[in-house]
Amino acid sequence: MNTSFINEIGLTHYLVLAAILFVIGMAGVLLRRNVIVLLMSIELMLNSVNLTFVAFSKYLGNLDGHIMVFFVMTIAAAEAAVGLALAVSIFKRFNEVNIRFFEHLKG
């Protein structure tokens, strides 16, 4: 097996991939109205940030980026739990999951 291709992947490749993922996620947040798609787009943006942390951590040779990824993953899990709870609440009341129904919720 030729491993020289693996050694040619550098920091720039990781950062370009992370930027592409972030732009796709940002486009999903800005252009879509469905709450589920909105949550998936936010998760995609958070994963692109994780990729950037890991890439810089590997490039600099320390574990700070890897540790930061665990914190971002914790925030992403909490965001997904709260977002899905709100989506279920919206669906039970309006029988549709659309972002414009969030303004009708009252505490």
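Model, not experiment: these values are computed from the prediction.

Once that is clear, we can look at the overall build of the chain. Per the secondary structure count, the chain includes four helices and zero strands. When the helices and strands of the chain are placed in sequence order, the string is α-α-α-α. Within the chain, the proportion of its 107 residues that are buried is 22%. Long-range contacts, defined as pairs at least 24 residues apart, comprise 48% of the intrachain contacts of the chain with a sequence gap of at least 6. Accessible surface computed for the chain: about 7,700 Å², of which carbon and sulfur atoms make up 70%.

As for its position among the elements, N50 is in helix α3 (residues 35–60). Look at N50 and you get buried, because its relative accessible area is 8%. Ignoring any residue separated from it by four or fewer positions in sequence, one finds N50 in contact with V69, V72 and M73.

Turning to the confidence of the model for the chain, a few remarks are in order. When pLDDT is averaged along the chain, the result is 87; 90% of the residues meet or exceed 70. Summarising per-element confidence for the chain, the mean pLDDT is lowest in helix α1 (residues 4–7) (62) and highest in helix α2 (residues 11–31) (95).

This part is about the UniProt feature "transmembrane region" (unreviewed entry) in the chain. Feature annotation in UniProt places "transmembrane region" (unreviewed entry) on residues 12–31, 36–56 and 68–91, given in this structure's numbering. The span residues 68–91 is 100% helix and 0% strand, and its two end C-alpha atoms sit 34 Å from each other.

A few words on the packing of α3 against helix α4 (residues 64–94). Running from N to C, α3 and α4 cross one another at 175 degrees; their axes reach a closest spacing of 9 Å. On the basis of their axis angle, the class for α3 and α4 is roughly antiparallel.

Turning to its location among the elements, E79 is positioned in helix α4. Although E79 lies buried, it forms no salt bridge, and the closest oppositely charged side chain, R32, sits 15 Å away as judged by the N-O distance. Setting aside chain neighbours within four positions, we find E79 in contact with L39, I42, E43 and L46.

Attention shifts here to the environment of M73. In this structure, M73 sits in helix α4. Given a relative accessible area of 46%, M73 falls into the partly exposed group.

What follows concerns α4. Taking 1.5 Å of rise per residue, 31 residues should cover 45 Å, and α4 covers 45 Å from first to last C-alpha, within 8% of that figure. Taken as a whole, α4 has its buried residues at G65, V69, V72, A76, E79, G83, A87 and I90. Packed against the buried residues of α4 are α3. Positive backbone phi, at 60 degrees, marks N95, one or two positions downstream of α4.

Conventions used here
Residues numbered from 1 in each chain as written. Predicted model: local features only at pLDDT ≥ 70, side-chain atom pairs only at ≥ 80, totals over all residues. Heavy atoms only, no water. Helix = DSSP H or I, 4+ residues; strand = E, 2+ residues; numbered from the N terminus. Buried < 20%, exposed > 50% of the residue type's maximum accessible area, 1.4 Å probe, protein only. Contact = heavy atoms within 4.5 Å. Areas by Shrake-Rupley, 256 points an atom, 1.4 Å probe, with all protein chains shown as cover. pLDDT = per-residue confidence, 0-100. UniProt positions renumbered as here; feature names shortened; annotations may be inferred. Axes fitted to C-alpha atoms, helices over the stretch in contact; angles between N-to-C directions. Parallel < 35°, antiparallel > 145°, perpendicular 65-115°, else oblique. Lys, Arg positive; Asp, Glu negative; His and termini not counted. Salt bridge = Lys/Arg side-chain N within 4 Å of Asp/Glu carboxyl O. Expected span 1.5 Å × (residues − 1).

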